[in-house]
Amino acid sequence: MSKMCGIIGYVGNKNANEIILKGIKRLEYRGYDSVGVAFVKDGKIIIKKDVGRIDEVHKKLNFLEPESNIGLAHTRWATHGSVTKGNAHPHLDCNEKIAIVHNGIIENYQEIKEFLKKRGHEFKSQTDSEVIAHLIEEFSRRVDFENACKKAFSMLQGSFAVLVINKDEEKIIGIRKDSPLVIGINENESFAASDIYALLPFTRNLIFLHNYDFVVLEKGKVRIENLIEGKVEREVERIDINVEETDKKDFHHYMIKEILEEADVFERALNQDELKVKKFIEEIKKAKKIFLVAAGTSYHACLAGSYLLAKAGIFTRPIIASEFNNFLNAIDEDTLIIAVSQSGETADVLEAIRKAKERKAKIFSIVNVYGSSLTRESDEFLLINAGFEISVAATKTYIAELAIFLLLHSKLTNKKINKEEIKAKILDLLSRSRREHIEKVAELLKDKQHVFLIGRGLEYVTALEAALKIKEISYIHAEAFPGGEIKHGTIALIEKDTPCIVFVGEEKEKILSNTEELKARGGFIIGVSEQNERIFDIWIKVPQDGEASLIYQIIPMQLLAYRLAVLRGFDPDKPRNLAKSVTVL
Ligand code: M6R
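Below, the structure is looked at part by part. Everything numeric here is computed off the predicted structure, so don't read it as measured data. (Residues numbered from 1 in each chain as written. Predicted model: local features only at pLDDT ≥ 70, side-chain atom pairs only at ≥ 80, totals over all residues. Heavy atoms only, no water.)

1. Some details on the site of the ligand
For step 1, the next point in the chain: The full set close to the ligand counts 14 residues, and Ser-298, Ser-341, Ser-343, Thr-346 and Glu-472 are the nearest of them.
For step 2, the next point in the chain: In the model, an oxygen atom of the ligand is placed 2.5 Å from a nitrogen or oxygen of the Thr-346 side chain.
For step 3, the next point in the chain: The backbone of Val-392 places a nitrogen or oxygen atom 3.2 Å from a nitrogen atom of the ligand.
For step 4, the next point in the chain: In the complex, 91% of the free accessible area of the ligand, which totals 410 Å², lies under the protein chains.
For step 5, the next point in the chain: The set of elements that each furnish at least two residues to the shell around the ligand consists of helix H10 (296–311) and helix H16 (458–474).
For step 6, the next point in the chain: Across the shell around the ligand, the residue classes break down as 5 nonpolar, 7 polar and 2 charged. (Near = heavy atom within 4 Å. Polar contact = N/O pair within 3.5 Å; in protein donor to acceptor, adjacent residues only side chain to side chain. Areas by Shrake-Rupley, 256 points an atom, 1.4 Å probe, with all protein chains shown as cover. Helix = DSSP H or I, 4+ residues; strand = E, 2+ residues; numbered from the N terminus. Nonpolar A, V, L, I, M, F, W, Y, C, P; charged D, E, K, R; others polar.)

2. Quick notes on the environment of Val-222
For step 1, the next point in the chain: Among the structural elements, Val-222 can be located in strand E13 (residues 221–226).
For step 2, the next point in the chain: A C-alpha to C-alpha distance of 23 Å links Val-222 and Val-369, two positions 147 residues apart in sequence.
For step 3, the next point in the chain: If we skip the residues at most four places from it in the chain, Val-222 touches Ile-183, Ile-185, Ser-190, Ile-207, Val-215, Val-216 and Leu-217. (Contact = heavy atoms within 4.5 Å.)

3. A look at the packing of aromatic side chains
For step 1, the next point in the chain: Under the criterion given, the structure shown has 9 aromatic pairs.
For step 2, the next point in the chain: Residues Tyr-475 and Phe-570 carry aromatic rings whose centres are separated by 4.3 Å and whose planes lie at 45° to one another, so their mutual orientation is tilted. In this pair, Tyr-475 is assigned in the loop between H16 and strand E22 (477–482) and Phe-570 in the segment after helix H18 (549–567), connecting sequence segments 95 residues apart.
For step 3, the next point in the chain: A cation over a ring is seen here: Arg-26 above Tyr-197, with NZ or CZ 3.9 Å from the ring centre.
For step 4, the next point in the chain: For Lys-113, the ring lying beneath its charged end belongs to Phe-123, and the centroid distance is 5.1 Å. (Phe/Tyr/Trp six-rings, centres within 6.5 Å; stacked < 30°, edge-to-face > 60°. Lys NZ or Arg CZ within 6 Å of the ring centre and 35° of its normal.)

4. Observations regarding the pairing of strand E12 (residues 213–218)
For step 1, the next point in the chain: With 5 of 6 residues buried, E12 is to be regarded as a mostly interior element.
For step 2, the next point in the chain: Summarising the sheet, strand E8 (residues 169–177) and E12 pair through 5 bridges and their orientation is antiparallel. Its bridge partner being in E12, Ile-175 is matched across the sheet by Phe-214.
For step 3, the next point in the chain: Pairing between E12 and E13: 6 bridges, direction antiparallel. By the bridge assignment for E13, Leu-217 is matched with Val-222.
For step 4, the next point in the chain: Connecting E12 to the next strand, E13, in antiparallel fashion are 2 residues, including Gly-220 with a positive phi near 70°. (Buried < 20%, exposed > 50% of the residue type's maximum accessible area, 1.4 Å probe, protein only. Pairing = 2+ DSSP bridges.)

Structure representation (structure tokens):
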């Protein structure tokens, strides 16, 4: 059973329960099927875990007791297999001496499990992770705790960030390979977590671990060695980010808070180091083949990028990261990969760049999370500087990714971006009166089962991204098509009152004629455009301004998706079956 989750550990002179509870809540966006904690108290390991959201389970089991100064926590997202209390982490060994939390997949767990069963170990879960606790137990019969962990970790295949505690020692042992793990350190306190967001309320002194870094955390002390390279020095980086910025404040949901930040986000994304941008441009001009690689919303940013770069005379191939494997034979030392990812941890993207690297391609990336695997494994990267995005639905980071592609386009074409004007227009699109109009549109759509969206060129990309937003948080089936394509089959689905959202852009006459085709079959037309048209049943007014329309047209759609989710009674921040960082293949 594989999973992708959030993990955190603390050892120090403060109340571990409070720290790991606050920290794990900040990781809940990574998975929210089930949650668990482990503490050491009076020489015993206490485990509390169950299925459900963190607040629900905490209310039932009270994670704040018994108070301890060492503990682990885990929030889970299952990819296959059942979501049960038994499968929730932490997991114990047979003697309840060792507790572990794990994020990733142990690919060879069946083999290890068979080996351990023959040695008398009994398993309580169907997870791959439980083998880690038993493997450490097995080696502990012969060597001390640290060496037992090392031996156990050396046998694991797959991806893993693991934290381990032992009832007899005041330390946490950890490892990472292809799953993220960040260390935090203060005087008398040490922390480990899946990302810096969980640690920022407690410390700014962070160490980003590399693959196979084996770490031992004691109160205020961190020892790291690499299981392949041996002794290594890892720099402690001081990260100064305003934690306030990451709080939900008075907003009902992170999603709306994040959408409302988009004007500033757009401006920040454009503030790039000139030299770094120059390197991107040089490489784009030099490369013989360029692939734009990403998943989900970031893939839509790549698709937009491919249209923008094509306008600048540069041919690129945008490709969904999980499909990249099929193109490996076309990758060589003259290839440039531009990988785009909010998290920098999406497994499909990381696998693609690693394989491309083996074939000597250059890897440039566009990323939000500093210190993520993608920033570390790229030859160059641009940070989109969007700030933390907590809502599972990507909104402000899409705007920031688009801003970077607009910047590259402007450098290649010498066409200036009017930052102030675009910012002002974004603010207008987010104004109260605009939002109220979108709320009315949402009222009309909230009970529909299907929505179709069409656009041509850049507007087709917007249609795709709008459909994804509507689907993932409101659970209404939404499908996007190039305006010219819908008549090649899907138009068969249009009947009386089927909602059709039409994005009008540069190819106005053509898209309006495609709209006529929908209208003639009974389609209920929602037009997103600069001018109202006779054919629209409802009009969402947006400015029309060349490439920047990519930004203007998606904003009302993000607001619409948000409103639809709320009206239909769903939590837009934590849609069912999803997690923010998809760290499994
Ligand atoms: O962190 P990344 O940008 O690599 O994530 C890619 C996708 O998982 C992500 O965009 C996903 O599609 C979002 N839920 C979209 O809102």
